[in-house]
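# Observations on the model geometry
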Amino acid sequence: MPNNKWDDEEIENLLRDFPKIQDKRPKAEVHKRVSQTQYVPKQPKRWLPLLVAVIAFLSISVLAISLLQQNGSDSSSSETENDDAGSMMTADEAQTEQTEQSGGDSEEAASMAIEEPEALRTAVYEQDLADAHILRIGLAEQGYVVPVSFIIPKQSVDETEPTSLELYEAFAEQIDESTLGFDEYHPYEGSLQQDGAVISHLLPEDHSYDQGSAATLLYLHSLEETFFAQEEIRVLDDSGEPAQLAHVGMVEPIIPGVQGQSYYLMASSTGDWYMAPSYGMSEASVDDALLALRQSPNDAFRSPVPDGVDYEIEMDGTNASLIFKETLDFEGLDGVEAMRMIESMALTAQSYGSALTIFNTVQAEWSGFDFTKQLELPIAPNRIDWPEK
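First, a word on what this report is: a plain description of the structure on this page. Fair warning: this is a prediction, and the values are worked out from it, not measured in the lab.

Moving on to the sheet that holds strand E4 (residues 198–202). The strand order E3-E4-E5 describes an open sheet built from three strands, whose pairing is mixed. Each edge of the sheet is formed by a strand with only one pairing partner; in this case those strands are strand E3 (191–195) and strand E5 (232–236). On average, each strand axis in the sheet is tilted by 20° relative to the strand beside it, whichever way the strands run. Where E3 and E4 come together, five bridges link them in antiparallel fashion. Following the sheet pairing, Gln193 is matched in E4 by Ser200. Sheet strands touched by helix H7 (residues 213–226): E4 and E5. Its angle to E5, the strand with the most contacts, is close to 140°.

If you want it as structure tokens, here you go:
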């Protein structure tokens with residue numbers, strides 16, 4: 001019968017062989033990856049992966065020791081007690097080491113967050129396009145349209161000043177919609193033409209955009225989001241005449257951005273959260289739309305306003321003033337939640353063509369926003385950086 005007895009030293013050597021969890025990436029790389037990530041309403045706890053690893057480490061250790069004890073049942077009870085005590089001390093030491101490492105990583109992450117708070121931003125701002133083009137595209141999920149803005153470096157585009165159609169035709173087919181958590185919807189069936197600021201979509205006879213009222217609305221809203229910067233979008237049949245769709249009749253020209261939209265949170269199938277306009281569920285005025293953000297309009301959308309936060313709206317022409325009812329301290333909120341709230345308010349105001357000023361905050365400035373003046377409004381939601389060539 002083989003000798004299955006283990007002493008303290010052998011067990012300690014076995015435990016030391018487990019690899020330590022380390023992250024040797026430079027800060028610059030971590031910053032870059034954080035800035036390209038879609039954030040969830042609750043900021044992830046950076047120590048959770050390490051804690052899970054520690055728990056798994058201890059579980060494996062205990063299981064291994066238990067098996068060794070069973071195989072070595074012919075040893076004396078005093079030897080077993082000594083082995084158990086030695087193994088527990090080793091596990092405690094390992095846990096202490098991992099906890100110290102986790103604490104160091106957490107402190108470093110917190111330091112990075114302080115150094116670069118703008119990394120929390122998820123929308124696109126004017127300064128983001130200094131050396132890049134924007135491809136805004138309406139992606140489909142659960143029958144809803146989510147506008148996603150791909151920031152494409154200028155060196156990745158052949159044309160110096162590409163049109164919306166040129167960007168769409170060059171990059172839309174390369175977008176892996178399913179990996180992002182959306183339905184495979186692009187590129188559009190048929191052909192697209194651009195004449196100045198007018199986009200025309202020529203539908204083939206056997207297109208799939210008329211299979212029901214929901215499919216038709218999804219298609220029309222997707223067109224509006226994809227060619228949001230154009231003055232007019234026309235839907236034509238293959239002969240160039242205005243298309244007839246069963247559920248809407250003859251399709252009138254679409255004028256993008258005429259009707260304001262409230263922006264809520266919506267999860268893709270991968271669990272990532274995006275800002276989505278509430279087509280058909282938005283209020284007629286910007287003040288009512290901003291107030292409506294406090295409640296979800298249906299099960300698909302989530303309110304971007306954290307629990308316990310309330311505010312009122314005052315209007316001066318097209319200028320909206322949002323006043324928190326209790327002085328808001330951003331340090332007391334999850335950073336990602338707070339950013340989602342501010343950006344949803346800003347996107348909603350921008351959608352209605354309104355300026356927005358926010359009052360009654362502890363911080364006069366936070367994460368790049370200056371609350372002593374009108375808020376900097378995004379030009380598009382849901383930024384995703386396109387990889388450079």
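Along the chain, Ser344 turns up in helix H9 (residues 335–351). Residue class for Ser344 comes out buried when judged on its relative accessible area of 0%. Setting aside residues up to four positions removed in sequence, Ser344 forms contacts with Tyr263, Met275, Leu293 and Pro304.

Moving on to unusual backbone geometry. Of note, the amide linkage connecting His186 to Pro187 takes the cis form, showing an omega dihedral of -5°. Residue placement: Pro187 occurs in the loop between helix H6 (177–180) and E3. The phi angle at Gln142 is positive, at roughly 55°, despite the residue not being glycine. Locating Gln142 in the fold gives a position in the loop between strand E1 (132–141) and strand E2 (144–153).

Thresholds, definitions, all that
- Residues numbered from 1 in each chain as written.
- Predicted model: local features only at pLDDT ≥ 70, side-chain atom pairs only at ≥ 80, totals over all residues.
- Heavy atoms only, no water.
- Pairing = 2+ DSSP bridges.
- Helix = DSSP H or I, 4+ residues; strand = E, 2+ residues; numbered from the N terminus.
- Axes fitted to C-alpha atoms, helices over the stretch in contact; angles between N-to-C directions.
- Contact = heavy atoms within 4.5 Å.
- Buried < 20%, exposed > 50% of the residue type's maximum accessible area, 1.4 Å probe, protein only.

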